[in-house]
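Observations on the model geometry
Letter by letter, the chains look like this.
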Amino acid sequence: MAKTASDTKAKRSRGEAAGGKDAAGRKGAAKKAKSTDVKSPDGTGKKTNKAKTRAKTAAKAAALVAAEKATRPGLGAAGAAEETPAQEEDLAVATVRKVALEAAQTRSEHDLLGDGEVPADALWGIHTKRAVANFPITGVPVGHYPDLVRALALVKQAAARANHRLGYLPKGKAAIIDEACTLVATDPTYAESFVVDAIQGGAGTSTNMNANEVIANVGLRLMGRAPGDYAALHPNDDINMAQSTNDAYPTALRLAVIFATQPLIKALDDLAYAFKSKAVEFADVLKMGRTQLQDAVPMTLGQEFDGFHATIKEDVARLNEIVGLFREVNLGATAIGTGINADPRYAALAVEELSRLSGQPMVLASNLIEATSDLGAFVLFSGTLKRVAVKLSKICNDLRLLSSGPRTGFGEIRLPAVQAGSSIMPGKVNPVIPEVVNQVAYMVIGHDLTVTLCAEGGQLQLNAFEPTIGYCVLSSLRMLTAAIDTLTKRCVEGIEADRERCRSLVQGSIGLVTALAPTLGYEASSRIARRALKENRAVADLVLEEGLLTEAQLNGLLELEAMTHPTRRQKAGQKAGTAG
């Protein structure tokens, strides 16, 4: 029997509707422990004897509730947790927050498996409850991805508007669903009610059910009714009208990727600008270029950093191109692409409404059966993220090498010191920011392989592994954006050049002879290089000693402009040859 408070009052305020202010399991004080048997939390009706564990559970529940009140007074209904197999009295959601059922007022809900108890004020219902119990996989809930929560709400809102325009959804219900979706899409506190694990079986059904229940219960509150009063507004009949998980979830995931890519592009643009600024600042810093970690030819530090700028801008262009693939959606395809249970006019109207609501030019796929089963766009996009990660990691490798030392390495640049580098070596400072970007890059590369395997693993009219694809792509976007912002602000913007160190390395390098080769010839240059290496002497000294060039000619050939710009170097060489 449901333990619902008789005096529960529905609130229209945004915070309470989200469960962010009047948390389930705290609004009603802890109930006194009872020694009678109750229905099992999985709704099967199986009895559990609590006599032996009652005292221990009650004490634990009181401690948990007190701790939650002290540390998170605003924790909402999402903070209520799902039953764990080891202790059925406790609910544990993907956020790993727990509250004892005995300390919470509950309501009873019913599905095809039977009855089950959920916290009275929870915005999620029995379908979500079962999914939380079934998929304790990553500890990362769908609500961890606000772009996905927003996209789910917009898909439901677009569907409601389309169904109302077609005459299937009454004006009153349509208005309530519309308002509820707006709240969920715009107020971040509602994300706490999206508690199912991001990785799940069922091709995203649990996420779709979670969204349906949250929007329905937010709507019920707006109507002045208690959560769970589905006779007035039903998660499946009303919120999910003319939809299937198989078109609602993929559409929301694609829209979420579009949303999440925008911050990444901005972060990359900021990083590119930071590198360009350093390229200008270091334009006159002569240094030695290297190939295969060996001395090559002279260049400027500015040229090196300008190369970083160019490669980042290339990635911005590629991302802007590839993300456009996600504008094609299968909303209206319903189960497999035939549009069963939807008006033939619904798909076009729903996509039109989604474009208007999201501000993104979404289009309906030309073949909904193909669009429902194919995930090629995710493979291509994930590959682009891998490209970004690989190039970023290579740049960070370069920054670590160029800053190595400070006395025994390259030491050409100094990275900002952001923290102590060792618990045993005083004064040591490590390149921790590039290091963390390297590690993020490795995660993104691994995610790309997972996306590839999941896309290949689809069968017939549906790919059941889309939730893991969503987890990988959204995680990669989130981590890359954060890593790039950190790299820009806490590393690149504060990089300094050691001008004297750079110049001394050039002057002492055997590679300097390459700049003289057009004038001296390959054989003479090779001989000078062998002598310089064997005798540990400077190339310039040997050239003057052998009388191959005058000091004026040598200085002309070794000018910064002559060595770092091919056309100007050629002119300098011709001039020196003429003078000789």
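Residues numbered from 1 in each chain as written. Predicted model: local features only at pLDDT ≥ 70, side-chain atom pairs only at ≥ 80, totals over all residues. Heavy atoms only, no water.

1. Here's the deal with the overall build of the chain
The number of helices and strands found in the chain is 21 helices and 13 strands. Evaluated residue by residue, the chain yields a buried proportion of 52% over its 580 residues. By sequence separation, contacts in the chain at least 24 residues apart represent 71% of the contacts at least 6 residues apart. (Helix = DSSP H or I, 4+ residues; strand = E, 2+ residues; numbered from the N terminus. Buried < 20%, exposed > 50% of the residue type's maximum accessible area, 1.4 Å probe, protein only. Contact = heavy atoms within 4.5 Å.)

2. Considering the packing of aromatic side chains
The tally for this structure, following the rule as stated, stands at six aromatic pairs. With a centroid separation of 5.3 Å and an interplanar angle of 65 degrees, the aromatic rings of F305 and F308 are classed as edge-to-face. You can see F305 and its partner F308 sitting in helix α9 (residues 301-322), three residues apart, about one turn around the helix. You'll find F305 and F308 in the same group, each marked buried. Seen from their ring centres, F326 and F378 are 4.8 Å apart, and the 55 degrees between their planes marks the pair as tilted. A residue pair is termed long-range when its members are at least 10 positions apart, and F326 in the loop between α9 and β10 (328-329) and F378 in helix α12 (residues 376-402) qualify at 52 residues. Linked through ring pairs, F275, F282, F305 and F308 together constitute an aromatic cluster. The ring of F259 has R150 lying over it, and the distance from NZ or CZ to the ring centre is 3.7 Å. One Lys or Arg, R290, reaches over the ring of F410 and ends 4.1 Å from the middle of that ring. (Phe/Tyr/Trp six-rings, centres within 6.5 Å; stacked < 30°, edge-to-face > 60°. Lys NZ or Arg CZ within 6 Å of the ring centre and 35° of its normal.)

3. Focus: the pattern of salt bridges
It is possible for side chains bearing opposite charge to pair when their charged atoms get close. Taken as a whole and assessed by the stated rule, the structure comprises 36 salt bridges. Between K287 and E304 there is a salt bridge, and its shortest N-O distance comes to 2.6 Å. With a gap of 17 residues between them, K287 in strand β8 (residues 286-291) and E304 in helix α9 connect regions that are remote in the sequence. Each member of the pair, K287 as well as E304, is classed as buried. Note that E496 and R414 form a salt bridge whose closest N and O atoms lie 3.3 Å from each other. Note that E496 is positioned in strand β13 (residues 496-497) and R414 in strand β12 (residues 413-414), a separation of 82 residues in sequence. Taking relative accessible area as the criterion, E496 reaches 43% and is therefore assigned partly exposed. (Salt bridge = Lys/Arg side-chain N within 4 Å of Asp/Glu carboxyl O.)

4. Notes on the packing of helix α4 (residues 146-165) against helix α10 (residues 346-358)
Relative orientation of the contacting elements α4 and α10 amounts to 130 degrees, with a least axis distance of 8 Å. As summarised for this structure, α4 and α10 are arranged oblique, according to the angle between their axes. The handedness of the crossing between α4 and α10 is right-handed. Residues R150, L154, V155, Q157, A158, A159, R161, A162, N163 and R165 of α4 form the contact with α10, whose own contacting residues are Y346, L349, A350, E352, E353, L354, R356, L357 and S358. Among the residues making up the contact of α4 with α10, the classes are represented as 10 nonpolar, three polar and six charged. (Axes fitted to C-alpha atoms, helices over the stretch in contact; angles between N-to-C directions. Parallel < 35°, antiparallel > 145°, perpendicular 65-115°, else oblique. Left-handed = near helix turned anticlockwise from the far one by under 90°. Nonpolar A, V, L, I, M, F, W, Y, C, P; charged D, E, K, R; others polar.)

5. A look at the environment of T128
In this structure, T128 sits in helix α3 (residues 126-134). Overall, T128 belongs to the buried group, its relative accessible area being 0%.

6. Some remarks on the nonpolar core
F305, F381 and L487 are the most contacted members of the largest nonpolar core, which totals 126 residues. For this core, the leading source of residues is helix α8 (residues 245-281), giving 19 residues. Residue contacts for L487: discarding those within four places in its chain leaves L271, L392, C396, L399, I433, V437 and V492. (Core = buried A, V, L, I, M, F, W, Y, C linked by side-chain atoms within 4.5 Å.)

7. Details of unusual backbone geometry
Among all residues save glycine, negative phi is the norm, and among peptide bonds the norm is trans. P406 follows G405 through a cis peptide bond whose omega is 10 degrees. Position of P406 relative to the elements: it lies in the loop between α12 and β12. The backbone phi angle of Q292 is positive, close to 55 degrees, even though this residue is not glycine. The residue Q292 is located in the loop between β8 and β9 (294-300) in this model.

8. Here we look at empty space enclosed by the protein
Scanning the model with the defined rule gives three cavities of 30 Å³ or more in all. Volume-wise, the second largest cavity comes out at about 50 Å³. Forming the boundary of the second largest cavity are V142, Y145, L148, A198, T207, Y249, L253, P467, G470, Y471 and L474. Among the elements that line the lining of the second largest cavity, the one with the most residues is helix α14 (residues 466-490), at four residues. Taken together, the residues of the lining of the second largest cavity sort by class into nine nonpolar, two polar and no charged. (1 Å grid on protein atoms, 1.4 Å probe; cavity = no way out; pocket = protein on both sides within 12 Å on 5 of 7 lines; lining within 4 Å. Points joined across faces, edges and corners; volume = space filled by probe spheres on them.)

9. Here's the deal with the pairing of β8
Summarising the sheet, β8 and β9 pair through five bridges and their orientation is antiparallel. Bridge pairing in β9 places R290 opposite D295. Counting the residues between successive antiparallel strands, the hairpin from β8 to β9 contains two residues, one of them, Q292, with a positive phi of roughly 55 degrees. (Pairing = 2+ DSSP bridges.)

10. Digging into the confidence of the model for the chain
Averaged over every residue, the pLDDT of the chain is 84; residues scoring 70 or more account for 80%. Counting interchain partners and residues more than four positions distant, the pLDDT-below-50 stretch residues 568-580 has 15 contacts. (pLDDT = per-residue confidence, 0-100.)

11. A closer look at the environment of T452
Mapped onto the elements of the fold, T452 is located in helix α13 (residues 432-456). Along the sequence, T452 and V379 sit 73 residues apart, while their C-alpha atoms lie 5.8 Å from each other.

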